[in-house]
Amino acid sequence: MQVKKQLLSLKPYQPGKPIEEVKKEFNLTKVVKLASNENPYGCSQKAKQAILDELDQLAIYPDGYSALLRTKVANHLGVNEDELIFGNGSDEVVQIICRALLSSETNTVMATPTFPQYKHNAIIEGTEIREVPLVDGDHDLDAMLNQIDENTTVIWVCTPNNPTGTYVKKQALLEFLDKVPKHVLVVVDEAYYEYVAAEDYPETVPLLKDYSNVMILRTFSKAYGLAALRIGYGIGNADLIRKIEPAREPFNTSRVAQAAAIAALDDLDFISNCKEKNKKGLQQFYKFCEEQGLDYYPSEGNFILIDFKRDSDEVFGALLKKGYIVRSGNALGFPTHLRITVGSEEQNAEIIEILKEFVLN
Ligand code: PMP
């Protein structure tokens, strides 16, 4: 059997280790997962009720067009319904964009390190990948612009960037968008949008009127706490969305996910509460880093990348044995860092206590 040759160089996505697996492996009763930037407070009660209410409908296919959710999100954002595309997580929107715009005749530009699924999907499409190193954790937008040529079809901007948590400032984004040629789609991945507190973080949705070559990605997996239901979306020019829609599976988002997402948008207090607690959680980590003299990137997401100045697999493995699952920086392009999801105040305090053992003086 001959599979596409580019698949042979890829591994399936390596997710954070599952809690049950770690409990079994290390004979632990309590395991805390701070590895996949999930919401430690779960999801809104309204979303949970909507999920229960949907259970009688499981024999019926979902609405492939997500019409009710579409109306809800369009009103929430102040965009037209035809400016939205829904995916099985924003992961799937990334895949759809790649299927629709990348081929062996094109190239695509992205930062490195950044969210790995842009590159993964681009490899599958057989496209040329042009990676531009981050500078001090930030996207080097000028260097990215320099990589664009007539065959470039997509350029990826992850803000806040996973795994650094850094963001692209408003002025820098505007100057960048003014310079990107119109034949290039700029994908602005805002998976952590709801957590951002920085005042100069750009509101990108109003920019869509002026920049028809921008697509914004958002998700219900992070602040909304619905990662298991797999639902995210893209916001962009209606004509472009119409053209890429055929690359979407017919029933790609589930009935339960659509219902939960609609209800979640009715509980914005839940989101502001989580945002507030996340901000305080980040402060716990900043204080720890500053007291211990550790380098870190100030984060606008619900995670923090900390440099322990030693092999990150070593620290990762030792934490795992104690029941804390985090993300080793080795797989993320930061071999001496750990990426830790901000947990509850208590979880943060516990892991910080343990981490003190790993500080090299
Ligand atoms: N973009 C970024 C930057 C992410 O960190 C993630 C999840 N880790 C995603 C997209 C995908 O999220 P989901 O598919 O759950 O919406």
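Procedures and definitions
- Residues numbered from 1 in each chain as written.
- Predicted model: local features only at pLDDT ≥ 70, side-chain atom pairs only at ≥ 80, totals over all residues.
- Heavy atoms only, no water.
- Near = heavy atom within 4 Å.
- Polar contact = N/O pair within 3.5 Å; in protein donor to acceptor, adjacent residues only side chain to side chain.
- Areas by Shrake-Rupley, 256 points an atom, 1.4 Å probe, with all protein chains shown as cover.
- Nonpolar A, V, L, I, M, F, W, Y, C, P; charged D, E, K, R; others polar.
- Domains from an automatic or database assignment.
- Contact = heavy atoms within 4.5 Å.
- Buried area = accessible area lost by both parts, 1.4 Å probe.
- Salt bridge = Lys/Arg side-chain N within 4 Å of Asp/Glu carboxyl O.
- Helix = DSSP H or I, 4+ residues; strand = E, 2+ residues; numbered from the N terminus.

> Describe the site of the ligand, with residues and values.
Neighbouring residues of the ligand: 13 residues in total, closest S90, D189, Y192, T219 and S221. Within the contact set of the ligand, an oxygen atom lies 2.7 Å away from a backbone nitrogen or oxygen of S90. Contacts to the ligand include T219, whose side-chain N or O atom sits 2.6 Å from an oxygen atom. When the ligand is considered free in solution it has 400 Å² of accessible area, and contact with the protein chains removes 94% of it. Looking at the shell around the ligand residue by residue, the class counts come to four nonpolar, five polar and four charged.

> Any details on the domain arrangement of the chain? Residues and values, ideally.
The parts lose accessible area when they come together, and the size of an interface is often stated as this lost area. According to the domain assignment, the chain consists of domain 1 (5–43 + 268–360) and domain 2 (45–264). Domain 1 and domain 2 are separated by 24 Å when their C-alpha centres are compared. Of the residues lining the interface, 31 residues belong to domain 1; the matching set on domain 2 comes to 36 residues. Between domain 1 and domain 2, roughly 2600 Å² of surface is buried when both sides are summed, and carbon and sulfur atoms account for 65% of that area. When the buried surface of domain 1 facing domain 2 is broken down by residue, C43, I271 and E300 rank first, second and third, together holding 27% of it. Linking domain 1 to domain 2 there are zero salt bridges. Between the two partners, domain 1 and domain 2, sit nine residue pairs in polar contact (both at pLDDT 80 or more). Broken down by secondary-structure element, the contributors of at least two residues to the side of domain 1 that touches domain 2 are α10 (268–292) and β10 (303–307). Ranked by the residues each element gives to the side of domain 1 that touches domain 2, the list is headed by α10, at seven residues.

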